[in-house]
Amino acid sequence: MSQSNINKGYQMGDQRNMQDSSEDGIGCCGCILMGLSYILVALFFPFSLCMTIKIVTEYERAVIFRLGRVLPGGAKGPGMFFILPCLDEFKKVDLRTVSYDVPPQEILTKDSVTVAVDAVIYSRIFDPTMSVCNVENADSSTRLLAATTLRNVLGTKNMSELLTERDSIAHQMQSILDESTDPWGIKVERVEIKDVRLPVQLQRAMAAEAEASREARAKVLAAEGEQRASRALKEAADIMAQSPAAIQLRYLQTLNSIAAERNSTIIFPLPMDLLSGFGKK
């Protein structure tokens with residue numbers, strides 16, 4: 001049987017128990033106590049209004065227990081409601097989305113690397129009655145479950161996956177937490193991995209590896225540039241060898257660039273054609 005089916009069974013059982021408790025009534029003793037409570041309210045009217053009238057805001061709900069049983073109709077609010085003194089007890093539940101940090105967890109990854117990871121959880125209560133009746137402290141229980149889930153999920157990942165697949169890990173944690181907290185009336189809306197802190201020695205090793213990789217790529221690029229430059233020079237030399245006048249034009253361009261720099265010394269290259277005549281004699 002899957003976890004979702006088990007949770008649904010628990011939820012249906014809790015709802016049946018609540019309905020049965022409301023249908024059974026409060027009995028004769030309960031009716032007598034309720035009558036005495038009404039008499040007490042009437043005797044101390046209007047001062048008793050301070051104890052019997054309660055107000056909850058738009059983002060809150062009140063779960064009322066009368067003689068230990070939840071009143072039919074579920075949570076009350078928003079607005080004003082009436083309670084009986086000495087018989088009714090109510091608990092306010094905040095329906096707004098709350099965020100809390102998961103303390104940094106020391107986790108041993110799948111490839112035996114110890115890292116410290118912390119996360120942030122966003123959750124809200126969608127069923128106030130379940131959050132009060134099914135769990136003692138909904139917020140604290142959700143935080144403890146989030147810390148445990150964080151360790152369990154990240155323990156199955158490699159360090160490279162932990163650094164590059166944060167979104168998928170966050171979605172996986174959200175689905176696990178949402179399924180686990182559903183019987184508590186809590187909806188986990190979002191999970192974010194805040195920071196992954198690596199050991200100092202591992203950081204140095206990774207930095208040295210990255211630096212060596214960059215130097216290797218730089219050397220390869222420099223070698224490719226030298227290779228391309230040598231090919232271009234060879235093609236230029238072949239073209240100049242076919243046209244002797246091109247060499248003279250290149251000489252003149254070189255002299256022009258030297259003169260533009262205002263140098264006091266100008267070097268005139270000796271054409272190789274003049275030396276060829278002496279060689280023949």
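Anything mentioned here points back to the structure above.
Per chain, residue numbering runs from 1 following the sequence as it is written. With pLDDT at 70 or above as the cut-off, local features in this predicted model cover only qualifying residues; side-chain atom pairs require 80 or more to be listed or tallied, and sums for whole chains, interfaces and linings still use all residues. Working from all heavy atoms in the structure, the side-chain values ignore hydrogens and water.

It is worth spelling out the pairing of strand β7 (residues 114–125) at this point. Relative accessibility thresholds used throughout: buried, under 20% of the residue-type maximum; exposed, over 50%; partly exposed, between the two (1.4 Å probe, protein chains only). The helix and strand labels rest on DSSP assignments: H or I over at least four residues marks a helix, E over at least two residues marks a strand, and numbering proceeds from the N terminus. A large share of β7 lies buried, amounting to nine of its twelve residues. Whether two strands pair depends on DSSP finding at least two bridges between them. Sheet analysis places strand β6 (residues 98–108) next to β7, joined by nine bridges and oriented antiparallel. Within β7, the residue paired with E106 across the bridge is A116. The antiparallel pairing of β6 with β7 creates a hairpin that spans five residues between the two strands, and S112 there sits at a positive phi of about 60°.

Quick look at the pattern of salt bridges now. Salt bridges, as used here, are contacts in which a Lys or Arg side-chain nitrogen is within 4 Å of a carboxyl oxygen on Asp or Glu. Scanning the model with the defined rule gives seven salt bridges in all. One salt bridge connects K194 with D101, and the closest N-O pair in it is separated by 3.7 Å. In this pair, K194 is assigned in strand β8 (residues 186–197) and D101 in strand β6, connecting sequence segments 93 residues apart. Residue R197 pairs with D195 through a salt bridge whose shortest N-O separation is 3.3 Å. A relative accessible area of 36% means that R197 is categorised as partly exposed.

The residue K157 is located in the loop between α5 (138–154) and α6 (159–164) in this model. In this count, Lys and Arg are taken as positive residues and Asp and Glu as negative ones, while His and the chain termini are left out. Buried charge K157 goes without a salt bridge, the closest partner of opposite sign being E161 at 4.8 Å. Two residues qualify as a contact provided that any one of their heavy atoms is within 4.5 Å of a heavy atom in the partner residue. In contact with K157, other than residues within four places in its own chain, are T109, K110, I169 and Q172.

Below, the discussion takes up the sheet that holds strand β3 (residues 69–70). Strand order in this open sheet of three strands is β3-β2-β5, and the pairing throughout is antiparallel. In this open sheet, the two strands that pair with only one neighbour each are β3 and β5 (88–94). Note: strand β2 (residues 60–66) against β3, two bridges, orientation antiparallel. Bridge assignment links F65 to a residue of β3, and that residue is V70.

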